[in-house]
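Coordinate analysis (summary)
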Amino acid sequence: MTTFDRFERSIPELMTELAPARVPDYFDDLLRQTATHRQRPAWSYPERWLPVDITARPLAMRSFPWRPLAILALIALLLAAGLVVYVGSQSRLPPPFGVAGNGVLVYRDADGAIVSVDPTSGSRATVAPAAGGLGTPVASRDGRRIALVTFASTRSGRIFVAGIDGSDRIPLAGGYREVDAVDWSPDDTHLAIVSNVAGIQAITVAATDGSASTSLPLDGQVAQIAYLPDGRLAVMAADRQGFSCPGDDPTIAPCALFVVNADGTGLDRLIGAGDFHGINTITPAPDGTSILWVEWKTGAEGRLHLFDLATRTDRRIADDTFPVPYSINRAWFSPDGGSILFDLFEKDGDHWAVVPTAGGSPVRIGQQWPRNGTDAAWAPDGRSVIARYQTGDATSELWILDPSGGGADRRLDVEVPDLPNWQRIAPGR
């Protein structure tokens, strides 16, 4: 093993030898010179105004932990992507009122089965078999469910709520016979039903989950109902107890126009029977500002009226450009509220017609009516009208009509005994 003599071990001895062991000759002169001057005050040194520690050492730089941040960022991206997929997979719903997309048509066929048909592709599916005496289904406002009414005249029948495909059928509380009208609440949690209750046509409001039902304590006989967007019901009913609505002679005006809360409170007469003379239909505007109704009295056999709910004023829609003579029985707002579909009875033949809500000339659409009658309704998107033209006792042709009157009408390859109900879906689906 070899050792080495290291130079740094000899440095102390060398420094001792080199350093002179004496005081410099000028040391006394240095002391005499400094003794005559006072020490400079600390405030005169600007660098001492700030707390500076010249002994502080800078921190050593360490590498930043990028890997955990990268992992967290990746997790966040995965969560965001999962949320997008989840939201995108949820079916969007249409608004309860106004313009919506067009879904399938649901109807009761000649054999009594409930069927759905795609009006574009023509594909069909059985929603409910021909059993139990089911009537025409009524689609919910969000398009996900249907109400199924059973025919019952001398006994209490049931009303069911099911998915649009017939699944998950739920019976509503209570029994119902001689059902005249059914309407879904704006949030689809209840059905308002006009049926025979203790010998008089009255309103029952039933929860669509089957939990309960309540009969509204109105005195007069009820003919028509329609939910307003605010949850109240527009009601055409007898002005007072003992009156029939409608009566055998519409000119005697037995009906009045009301609004009432869905629990039966807040009954408000808008137009009394002496001034109302309404028949067949009442239709709230999609924005809930007015109610469309049809007047029928001597000299005014079928005239369109709008009742403004805010000002409580009624006006007759101008008909200066209508044919003479003419009459109307039924009328409905378009989904956007800008037009009115109605049945136009004329001397030379009857048609479906459309007129602007503000008034104007009627536009006849579709073919002249057959002798056996017809029904019609707006498509959810308001761009077409579905019409049923009866061809026999239990058969009818189904047509999609152009509401502009341009003639772009087409017949569907399906025969129906009654007018189908058009499912509302989210716009753009």
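This text follows the structure it describes.
A brief look at the structure comes next. The residue count restarts for each chain, going from 1 along the sequence in the order it is written. Confidence filtering applies because this is a predicted model: local features only for residues at pLDDT of at least 70, side-chain atom pairs given and counted only at 80 or more, and all residues used for totals across whole chains, interfaces and linings. For side-chain calculations, the full set of non-hydrogen atoms in the structure is used, while hydrogens and water are omitted.

1. Observations concerning the overall build of the chain
Secondary structure elements follow DSSP: runs of H or I no shorter than four residues count as helices, runs of E no shorter than two count as strands, and numbering proceeds from the N terminus. What the chain contains, in helices and strands, is four helices and 29 strands. Looking at the chain residue by residue over its 429 residues, the buried ones come to 42%. The contact definition used throughout considers only heavy atoms, calling two residues in contact when any of these lie within 4.5 Å. A sequence separation of at least 24 residues applies to 41% of the contacts in the chain between residues at least 6 apart. Working definition of accessibility: Shrake-Rupley area with a 1.4 Å probe, residue cover restricted to the visible protein chains. In the form shown here, the chain has an accessible surface area of approximately 24,500 Å², with 54% of it arising from carbon and sulfur atoms. Partly exposed residues are those whose accessible area sits between 20% and 50% of the maximum for their type, while under 20% is buried and over 50% is exposed, using a 1.4 Å probe and protein chains only.

2. Some remarks on empty space enclosed by the protein
Definitions used for this entry: grid spacing 1 Å over protein atoms alone; cavity, a set of points where a 1.4 Å probe fits but cannot get out; pocket, an open set with protein on both sides within 12 Å along at least 5 of 7 lines; lining residue, one with an atom within 4 Å of a point. Grid points are joined across faces, edges and corners, and a volume is the space filled by probe spheres set on the points. In total, this model carries one cavity of 30 Å³ or more according to the counting rule given. By volume, the largest cavity amounts to about 30 Å³. In this structure, the largest cavity is lined by Arg 303, Leu 304, Arg 316, Ile 317, Ala 318, Asp 319, Phe 322, Tyr 326 and Ile 328. Across the lining of the largest cavity, the residue classes tally to six nonpolar, no polar and three charged. All amino acids are sorted into three groups, where Ala, Val, Leu, Ile, Met, Phe, Trp, Tyr, Cys and Pro are nonpolar, Asp, Glu, Lys and Arg are charged, and the leftover types, Gly among them, are polar.

3. A look at the packing of aromatic side chains
Note on ring pairs: Phe, Tyr and Trp rings are taken, using the six-membered ring of Trp, and paired if centres are within 6.5 Å. Classes follow the plane angle, with under 30 degrees stacked, over 60 edge-to-face and the rest tilted. In this structure the tally under the stated criterion is six aromatic pairs. Ring centres 4.5 Å apart and planes at 35 degrees place the aromatic pair Phe 276 and Trp 293 in the tilted group. Of this pair, Phe 276 sits in helix 4 (residues 273–276) while Trp 293 sits in strand 17 (residues 290–297), placing them 17 residues apart in sequence. For Phe 276, a relative accessible area of 0% translates into the label buried. A residue is classified by how much of its surface remains accessible, and Trp 293, at 1% relative accessible area, is buried. Taken together, a centroid distance of 6.0 Å and an interplanar angle of 45 degrees make the contact between Trp 332 and Trp 352 tilted. With Trp 332 in strand 21 (residues 331–333) and Trp 352 in strand 23 (residues 351–356), this residue pair connects regions lying 20 residues apart in the sequence. Using a relative accessible area of 22% as the deciding quantity, one classes Trp 332 as partly exposed.

4. What to know about the sheet that holds strand 28 (residues 410–415)
Note: two strands are recorded as paired if DSSP finds a minimum of 2 bridges between them. Spatially, the four strands line up as an open sheet ordered 25-26-27-28, and their pairing is antiparallel. Each end of this open sheet is capped by a strand with a single partner; those strands are strand 25 (374–378) and strand 28. Pairs of neighbouring strands in the sheet enclose a mean axial angle of 20 degrees, with direction left out of account. As defined by bridge partners, strand 25 adjoins strand 26 (residues 385–390) across five bridges and the pair is classed as antiparallel. Working convention: axes come from line fits to C-alpha atoms, limited for helices to the stretch in contact. Angles between N-to-C directions cover 0 to 180 degrees.

5. Things to note about the pairing of strand 25
Taking every second residue as pointing to the same face, the buried face of strand 25 carries Thr 374, Ala 376 and Trp 378, while none of Asp 375 and Ala 377 on the other face is buried. Where strand 25 folds back onto strand 26 in an antiparallel hairpin, the turn is made up of six residues, including Gly 382, whose phi is positive at roughly 75 degrees.

6. Structural notes on the sheet that holds strand 14 (residues 255–260)
Spatially, 12-13-14-15 is the arrangement adopted by the four strands of the open sheet, whose pairing is antiparallel. Two strands bound the open sheet, and with one partner strand each, they are strand 12 (222–227) and strand 15 (268–271). Direction aside, the axes of adjacent strands within the sheet are offset by 30 degrees on average. Bridging between strand 12 and strand 13 (residues 233–238) involves five bridges; their strand directions are antiparallel. The residue of strand 13 that forms the bridge with Gln 224 is Met 236.

7. What about the nonpolar core?
Here, nonpolar core refers to any group of buried Ala, Val, Leu, Ile, Met, Phe, Trp, Tyr and Cys residues whose side-chain atoms link them within 4.5 Å. One finds Leu 292, Leu 304, Ile 328, Ala 331, Ile 340 and Phe 342 to be the most contacted residues of the largest nonpolar core, which totals 18 residues. Those elements that place two or more of their residues in this core are strand 17, strand 18 (300–308), strand 21, strand 22 (339–346) and strand 23. Setting aside anything within four residues of it in sequence, one finds Leu 292 in contact with Thr 281, Ile 282, Thr 283, His 305, Leu 306, Ile 317, Ala 331, Trp 332, Phe 333 and Ile 340. One finds Cys 245, Val 259, Phe 276 and Ile 291 within the second-largest nonpolar core, a separate group that totals 17 residues.

8. Section: the environment of Gly 112
In this fold, Gly 112 is placed in the loop between strand 1 (101–108) and strand 2 (114–117). With a relative accessible area of 16%, Gly 112 lands in the buried category. Separated by 17 residues in the primary sequence, Gly 112 and Pro 129 have C-alpha atoms spaced 7.6 Å apart. If we ignore the near neighbours within four places in the chain, the residues touching Gly 112 are Pro 129 and Ala 130.

9. Quick word on the pairing of strand 13
Within a regular beta strand, the side chains point alternately toward one face of the sheet and then the other, so they alternate between its two faces. The buried count for strand 13 comes to six of six residues, which makes it a mostly enclosed element. Of the strand pairs in this sheet, strand 13 and strand 14 are connected by six bridges, and their pairing is antiparallel. Each residue of the ladder has a partner; that of Ala 238, found in strand 14, is Cys 255.

10. Thoughts on the side chain of Asp 343
Tracing the sequence through the fold places Asp 343 in strand 22. On the basis of relative accessibility, which here comes to 0%, the residue Asp 343 falls in the buried class. A 3.5 Å cut-off defines polar contacts: any pair of N or O atoms within that distance qualifies, except that in protein one atom must be a possible hydrogen donor and the other a possible acceptor, and neighbouring residues in sequence count only when both atoms are side-chain atoms. For Asp 343, the side chain forms a polar contact with the main-chain nitrogen of Asn 329, separated by 2.9 Å. A distance of 2.9 Å separates a polar side-chain atom of Asp 343 from the backbone nitrogen of Arg 330. Once residues within four sequence positions are removed from consideration, Asp 343 is found in contact with Ser 327, Ile 328, Asn 329, Arg 330, His 351, Trp 352 and Trp 369.

11. A closer look at the environment of Arg 330
Within the element layout of this structure, Arg 330 appears in the loop between strand 20 (326–327) and strand 21. Measuring from C-alpha to C-alpha, the distance between Arg 330 and Gly 302 comes to 8.4 Å, with 28 residues separating the pair along the chain. Discounting residues that sit within four places of it in the chain, Arg 330 has contacts with Asn 280, Thr 281, Val 294, Leu 341, Phe 342, Asp 343, Trp 352, Trp 369, Thr 374 and Asp 375. A polar atom in the side chain of Arg 330 sits 3.4 Å from the backbone oxygen of Thr 374.

Note that every value here comes from positions in space, so none of it alone points to a role or purpose.
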